[in-house]
Amino acid sequence: QIPPTTPTPTPTPTPTPTPTGTSLKLQVTDAWDQKNQKTLASDQKVYLVRNSDNDRLDLESGKFLSFQFPQNVPADASIQSVKVYVEHYEEEGISPNSVQFEVGGGALKTPTTLAKQSMSVLSGESSERTVEWDMTSTINTPALVNDLKVVVRNTGTNGKKIKIDRVYVVVTYSGGTSSSTLSP
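Every chain's residues receive numbers from 1 upward, in the order its sequence appears when written. With pLDDT at 70 or above as the cut-off, local features in this predicted model cover only qualifying residues; side-chain atom pairs require 80 or more to be listed or tallied, and sums for whole chains, interfaces and linings still use all residues. Where side-chain values are given, they derive from all heavy atoms of the structure, hydrogens and water being excluded.

A separate point is the packing of aromatic side chains. Classification of ring pairs uses Phe, Tyr and Trp, with its six-membered ring standing for Trp, and accepts pairs whose centres are within 6.5 Å; under 30 degrees between planes counts as stacked, over 60 as edge-to-face, and the remaining range as tilted. Summed over the entire model, instances satisfying the criterion amount to 2 aromatic pairs. Look at Tyr 85 and Tyr 168: their rings are 4.9 Å apart centre to centre, the planes differ by 10°, and that puts the pair in the stacked class. Of this pair, Tyr 85 sits in strand E6 (residues 78-90) while Tyr 168 sits in strand E11 (residues 162-174), and the two are 83 residues apart along the sequence. Here Tyr 85 matches Tyr 168 in class, with each residue buried. Look at Phe 101 and Trp 133: their rings are 6.2 Å apart centre to centre, the planes differ by 55°, and that puts the pair in the tilted class. Taken as a pair, Phe 101 in strand E7 (residues 99-105) and Trp 133 in strand E9 (residues 129-134) lie far apart in primary sequence, 32 residues in all. Grouping residues by exposure puts Phe 101 and Trp 133 together as buried. For a lysine, the NZ atom is tested; for an arginine, the CZ atom; a charge sits over a ring if that atom is within 6 Å of the ring centre and within 35 degrees of the ring normal. Directly above the ring of Tyr 168 sits Lys 25, whose terminal nitrogen or CZ lies 4.8 Å from the centroid. Secondary structure elements follow DSSP: runs of H or I no shorter than four residues count as helices, runs of E no shorter than two count as strands, and numbering proceeds from the N terminus. Exposure classes here rest on a 1.4 Å probe applied to the protein chains alone. A residue is buried below 20% of its type maximum, exposed above 50%, and partly exposed in between.

Let us look at the environment of Thr 141. Position of Thr 141 relative to the elements: it lies in the loop between E9 and helix H1 (142-146). The exposure class assigned to Thr 141 is partly exposed, which follows from its relative accessible area of 30%. C-alpha of Thr 141 to C-alpha of Ala 75: the two residues are 66 residues apart in sequence and 8.4 Å apart in space. Each polar contact in these results corresponds to two N or O atoms within 3.5 Å; when the atoms are within protein, one needs to be able to donate a hydrogen and the other to accept it, and residues that are neighboring in sequence are counted only if both atoms are side-chain atoms. At 3.1 Å, the side chain of Thr 141 forms a polar contact with the backbone nitrogen of Leu 144.

The next subject is the nonpolar core. If you look at soluble globular proteins, the nonpolar side chains tend to sit buried side by side. In this description, a nonpolar core means a group of buried Ala, Val, Leu, Ile, Met, Phe, Trp, Tyr and Cys residues linked to one another through side-chain atoms lying within 4.5 Å. Counting 40 residues, the largest nonpolar core has Phe 67, Phe 69, Val 103, Ile 164, Val 169 and Val 171 as its most contacted members. Listing elements by their share of this core, those giving two or more residues are strand E4 (57-59), strand E5 (64-68), E6, E7, strand E8 (112-119), E9, strand E10 (149-154) and E11. It is E11 that contributes the most residues to this core, 6 residues altogether. For Val 103, the residues in contact, after removing those within four places along its chain, are Val 84, Thr 112, Thr 113, Leu 114, Ala 115, Trp 133, Met 135, Thr 138, Ile 139, Leu 148, Lys 149 and Val 150. Two residues qualify as a contact provided that any one of their heavy atoms is within 4.5 Å of a heavy atom in the partner residue.

Mapped onto the elements, Ala 41 comes out in the loop between strand E3 (38-39) and E4. What makes Ala 41 partly exposed here is its relative accessible area of 40%. Taking the C-alpha atoms as reference points, Ala 41 and Asp 30, 11 residues apart in sequence, are found 5.6 Å from one another. Residues in contact with Ala 41, not counting those within four places in the same chain, are Asp 30 and Val 46.

Bringing the pattern of salt bridges into the picture now. When a carboxyl oxygen of Asp or Glu lies within 4 Å of a side-chain nitrogen of Lys or Arg, that pair is called a salt bridge. Following the criterion strictly, the structure yields 11 salt bridges and no others. Of the charged contacts in the structure, one is a salt bridge between Asp 43 and Lys 45, with a shortest N-O distance of 4.0 Å. One connected set of salt bridges, linked through shared partners, spans Lys 35, Asp 58, Glu 60, Glu 91, Lys 161 and Lys 163.

This next bit is on the sheet that holds E10. For two strands to count as paired, DSSP must find a minimum of two bridges between them. Taking strand neighbours across the sheet as the criterion, the 6 strands line up as E3-E2-E5-E10-E7-E8 in an open arrangement whose pairing is antiparallel. Either end of the sheet is taken by a strand with one partner, and the two such strands are E3 and E8. Both strand E2 (residues 30-33) and E3 contribute to a ladder of 2 bridges, which runs antiparallel. Residue Trp 32 lies in a different strand from E3, and its bridge partner there is Thr 39.

Pasting the structure below:
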């Protein structure tokens with residue numbers, strides 16, 4: 001005789017934890033244009049990199065643009081992620097490996113580089129897209145986030161330009177009750 005079977009309980013799926021915290025989209029507040037030797041604010045051109053609207057900044061070969069952001073992360077917060085986003089494309093025929101992204105801090109005109117990465121060339125306007133660069137391992141404290149500078153550098157030598165439509169940073173953090181302050 002076969003003993004009665006007990007139904008096997010169906011396992012209850014365990015929900016995947018999602019990061020809890022505050023996410024901030026940090027828009028560009030100003031930038032240094034190496035070619036023109038002035039800030040975008042003084043030239044009234046910050047709007048060019050705040051929206052995905054096909055109004056673009058041209059970055060000449062051998063030059064860089066350095067972007068800064070608001071200091072909105074509380075000094076006692078715990079950083080969970082920092083992702084840089086740059087919407088761009090390059091003129092057709094630009095030299096290979098001409099697009100370099102950098103992150104760092106310090107002066108807008110002469111930022112200190114903490115990390116850099118050569119990015120894929122997106123040749124021609126039809127190739128334009130927003131590229132994500134996860135910088136969580138490098139920009140991992142409120143002080144670093146609040147002093148963040150993002151540099152886009154055109155290392156090309158053949159006169160072709162990088163066309164930049166939008167730059168922003170998304171920071172996710174937890175905790176934090178004090179207002180942001182930078183150490184001198």
